[in-house]
Amino acid sequence: MHMKSCGFNPEELCLFYTQNPKGSAYVLNAMARTSYSWQSAVVLLAILIVPIRCSDHHNISQEQTLLRIQQLLYYPVILSSWNNTTDFCNTDQSSSVTVICYEGVITQLHIINSYKTHQLPEDFSIDTFVTTLINLQSLKVLKLVSLGLWGRIPAKISHLSSLEILNITSNHFNGKIPSEITSLANLQSLVLDDNNFTGWIPSRIGFLSRLSVLSMKNNSLNGLLPDSLGKLTDLRVLMLSRNNFSGESPDLSDLKNLRALELGGNSLGPKFPRVPYKIISIVLRENKFTNGLPEELHSFYQLQKLDIALNRFVGPFPTSILSLPSITYLDINGNRFTGLLSEDLPCNPGFQFVDLSANLLTGKLPECLVSSKVRNVVYNGNCLSTNDGNEIKSQKPISFCRTAALAVGIIPRNHKTSNLSKAALALGITGGILLIGVAFLIFRRVHGKKMEKKPPARVIEENLTSSYSSKLLSDARYVTRVMKLGTVGIPAYHAFSLEELEEATNGFDASTFMGEGSHGQMYRGRLKDGSYVAIQCLKMKKNHSTQTFTRHIELISKLRHQHLVSALGHCYEFYLDDSSVSRLFLVFEYVPNGTLRDWISGNKGKNLSWSQRIAAAIGIVKGIQFLHTGILPRVFSGSLKITDVLLDQNFSAKISSYNLPLLEKVEKDGVQGRPICTQKEVECLKEQFQSRMRADDGAMKEMVDVTILDKCSDQSLMTMMEVCNGCLLDDIADRPSVEDMLWNLQFAAQVQEAWHSSHGSPVSSSQPAIAEQ
């Protein structure tokens, strides 16, 4: 039985298969079980002792800080389980209390009461409380909800420089929002709802360039809304309802990511705010808006909720709103809208609520609104009639609506000759102005639609398979290349804005979609500097703990090595209703040359030289060595596959999967060569390989891929086979260490280079040579 009949190339067997106590069939797994010398173990322990001691000391400080917080909160019931023996980093999490640690350092603190409590006693000091919090310097998420906290937030809150999410809802804070809070450059969600804050919003709020959620509902804030709100380009949720804001709303049209705007319960007006056309929810009720609705409103194809009730809007009601493709909630109650409705007007069949009441509408109620499919329709207080012309109960006479329309300067559509002379007179007096206005409106309608109205985003069909598509794996487009090569190296890990990612993918267009698996949807993008990235999109359910993905992010941000596909950053997207995380985006390097599997087996006409294969093996071992020894906690891969190794533009190997489960178990499918069905078959292949190692040179060379047989030195080939044979030993202690493997592989590379030089056989120019890494 020949090796070829089993469907394997010998170098694949050497590099990627092994026998281990758990029956794994992957050679790379053997690299995770290397035997270190006694001296190496001593050095390793010496290295580990220092961080362990430091970590223990730090934990004591954290314990004291949390117990001090418990004391400053006057020992609330929800913290009754905290005491001097509590292991805070390993306690059970709940909806009320959560402490999350990474490498023994607290990164998240959630203390949440289910109901708003009375403010803490008079001797409570918010200054002391914040001073205590600052001891937790690594906090990224801080939620202190309904705890009775009160007082003015001190400027030293800015010392919590790592904060990404801050939620202090339903307390009794008062005074101005400190401007120093705008120095929290990493802040992505700021929620200050249901407090007693006064004064203006800090004008420097625009400095929070990564802010995605800004919510200050139900306070006593006043003054004008700062224009800098229009600079928060990554903002998705802006909720400022039930305050005392006045004046014009700032221009928000450049906030392309804005999806929810709530400004109800203020004194804003008179103009309808300028917003992006992709907005989903607009709530402006109970303000002082008086002008008509903007013409471009009919192009808001994603708009689901429009609540403009109890304002002073005048002018014809744009009936096109009823047929917007996404609209489900419409409330125009309590305005002065006019217009002639008809029974055959189209409506969105998904309507759940419509309130047209207390306006000046005439005509007949659209048939689509009285159908049983619409759950709740309110229309009293207008001048509507039934289909046979009779007045509907709770409606006013048509004369009322006509008179009221004239009173606010609006001529009803069906008002005929009685006011014709007045209209003509008005037109004569203001003819020049109207002509200019009409010309402007025509220009805006013709050219504005071209500039502002965009076609709906293409629907991305979801692939429901449990693993990535074969095309995705073969093209290796689920990872991305180093943004800048040369001396710059791997760029620093940072938080991306959603605007950056949407711009890089053209709004996550279908043409950038590369596949879907248990790791989430994958998109290819191009950043502003021209570099390509791959963006992994993970949908979060509301019951998903933030602990899981936070620890995942903190770990992968440390994986910086030339032989690993490094994560470049992350981005949060938040639910519109409660500001919790709805989607997590991970951004990776791009590796353009596909998987090692494609190149080592000659798929699609690809093939690697022997020197390139040695260099790939060296890169893999160095990557694994870094995972084992270069970071804490260490990462040990149990099922690294040949398809997890990618080749960059220089044909340098990079490991793309570290088997770090996020929301689901890591997928277990994916095979090399011909699928192995039984452990007995693995034993068969290993026995064949080792028996030929003991035979003559001819038997050994029969295992070698014919495409490289005449292009590799015997000594280099023998060295590689000996390394491989060592990895296949049953006794873990007898297998070579990572250091031994590196030394031998680099020796094989040097021998091969010398053989090339002596035989006058340089590496083929069709593929770049791989320098020693």
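This section reports on the structure supplied with the text. What you see is a predicted model, and the numbers here were worked out from it, not measured in a lab. (Residues numbered from 1 in each chain as written. Predicted model: local features only at pLDDT ≥ 70, side-chain atom pairs only at ≥ 80, totals over all residues. Heavy atoms only, no water.)

## Regarding the packing of aromatic side chains
- All told, the structure shown has 16 aromatic pairs when counted by the stated rule.
- When the centroid spacing of 5.9 Å and the interplanar angle of 10° are considered together, the rings of F313 and F337 count as stacked. A residue pair is termed long-range when its members are at least 10 positions apart, and F313 in the loop between β16 (305-307) and β17 (314-316) and F337 in strand β19 (residues 336-341) qualify at 24 residues.
- What makes F313 buried here is its relative accessible area of 0%. (Phe/Tyr/Trp six-rings, centres within 6.5 Å; stacked < 30°, edge-to-face > 60°. Helix = DSSP H or I, 4+ residues; strand = E, 2+ residues; numbered from the N terminus. Buried < 20%, exposed > 50% of the residue type's maximum accessible area, 1.4 Å probe, protein only.)

## Description of the state of the cysteines
- Evaluation of the coordinates by the stated rule reveals three disulfides.
- One disulfide bridge connects C347 with C368, the sulfur atoms lying 1.8 Å from each other. Linking C347 in the loop between β19 and β20 (353-355) with C368 in helix α5 (residues 367-370), this pair joins segments that are 21 residues apart in sequence. With respect to burial, C347 and C368 carry one shared label: buried.
- A sulfur-sulfur separation of 1.9 Å characterises the disulfide bridge that pairs C383 with C401. Handedness of the C383-C401 disulfide follows from its S-S torsion of about 90°: it is right-handed. (Disulfide = S-S within 2.5 Å.)

## Remarks on the packing of helix α13 (residues 610-629) against helix α17 (residues 738-759)
- With their axes 10 Å apart at the nearest point, α13 and α17 run at an angle of 160° to one another. Taken as axis vectors, α13 and α17 run roughly antiparallel relative to one another. Of the two possible hands of crossing, α13 and α17 adopt the one that is left-handed. Counted together, W610, S611, I614, A617, I618, V621, K622 and Q625 of α13 and V738, E739, M741, L742, L745, Q746, A748, A749, Q752 and H756 of α17 form the full contact between these two elements. (Axes fitted to C-alpha atoms, helices over the stretch in contact; angles between N-to-C directions. Parallel < 35°, antiparallel > 145°, perpendicular 65-115°, else oblique. Left-handed = near helix turned anticlockwise from the far one by under 90°. Contact = heavy atoms within 4.5 Å.)

## Some details on the pairing of strand β12 (residues 244-247)
- Examined bridge by bridge, strand β10 (residues 220-223) and β12 share two bridges and lie parallel to one another. Directly across from G223, in β12, lies its bridge partner F245.
- Pairing of β12 with strand β14 (residues 267-268), which is carried by two bridges, proceeds in the parallel orientation. Its bridge partner being in β14, G247 is matched across the sheet by L268. (Pairing = 2+ DSSP bridges.)

## With respect to the sheet that holds β14
- The parallel open sheet is built from six strands, whose spatial order is β4-β6-β8-β10-β12-β14. Looking at which strands have only one partner, the edges of the open sheet turn out to be β4 (150-151) and β14.
- With two bridges joining them, strand β8 (residues 196-199) and β10 adopt parallel strand pairing. Pairing of G199 across the sheet is with L221, part of β10.

## Side note on the packing of α13 against helix α16 (residues 714-727)
- Contact geometry of α13 with α16 gives a least axis separation of 12 Å together with a crossing angle of 30°. As the angle between them shows, α13 and α16 are arranged roughly parallel. The chirality of how α13 crosses α16 is left-handed. Contacts between α13 and α16 involve W610, I614 and A617 from the former and S716, L717 and M720 from the latter.

## A few points about unusual backbone geometry
- For the peptide bond that leads from G269 to P270, omega is 5°, which places it in the cis range.
- Tracing the backbone through its elements, the reader meets P270 in the loop between β14 and β15 (281-283).

## Here we look at the environment of H298
- As for its placement among the helices and strands, H298 is situated in the loop between β15 and β16.
- With a relative accessible area of 31%, H298 lands in the partly exposed category.
- A sequence separation of 25 residues divides H298 from S323, and the C-alpha atoms of the two residues are 8.9 Å apart.
- A distance of 2.6 Å separates a polar side-chain atom of H298 from the backbone oxygen of E295. (Polar contact = N/O pair within 3.5 Å; in protein donor to acceptor, adjacent residues only side chain to side chain.)

## Some points on the pattern of salt bridges
- Per the stated rule, a full pass over the model turns up eight salt bridges.
- A salt bridge links K156 to D127; the nearest nitrogen and oxygen atoms lie 3.3 Å apart. A residue pair is termed long-range when its members are at least 10 positions apart, and K156 in the loop between β4 and β5 (165-167) and D127 in helix α4 (residues 126-133) qualify at 29 residues.
- With a shortest N-O distance of 3.8 Å, E589 and K654 are connected by a salt bridge. Within this pair, whereas E589 is found in the loop between β29 (581-588) and α12 (596-600), its partner K654 is found in strand β31 (residues 653-655), the two being separated by 65 residues in sequence.
- On the accessibility criterion, E589 (0% relative accessible area) is buried.
- Given the relative accessible area of 4%, K654 is considered buried. (Salt bridge = Lys/Arg side-chain N within 4 Å of Asp/Glu carboxyl O.)

## Notes on the sheet that holds strand β23 (residues 383-385)
- Taken together, four strands build an open sheet; the order of strands is β17-β19-β21-β23 and the sheet is parallel. Of all strands in the sheet, those bounded by a partner on one side alone are β17 and β23. The sheet shows a mean angle of 10° between the axes of neighbouring strands, taken without regard to direction.
- Two strands pair when backbone bridges link them, and β17 and β19 are joined in this way by three bridges, in the parallel orientation. Following the sheet pairing, V314 is matched in β19 by R336.

## Examining α17
- The terminal C-alpha atoms of α17 lie 31 Å apart, and with 22 residues this matches the ideal 32 Å at 1.5 Å per residue to within 8%.
- Among the residues of α17, V738, M741, L742, L745, Q746, A748, V751, Q752, W755 and H756 are the ones counted as buried.
- Tucked inside the fold, the buried residues of α17 contact α13 and α16. (Expected span 1.5 Å × (residues − 1).)

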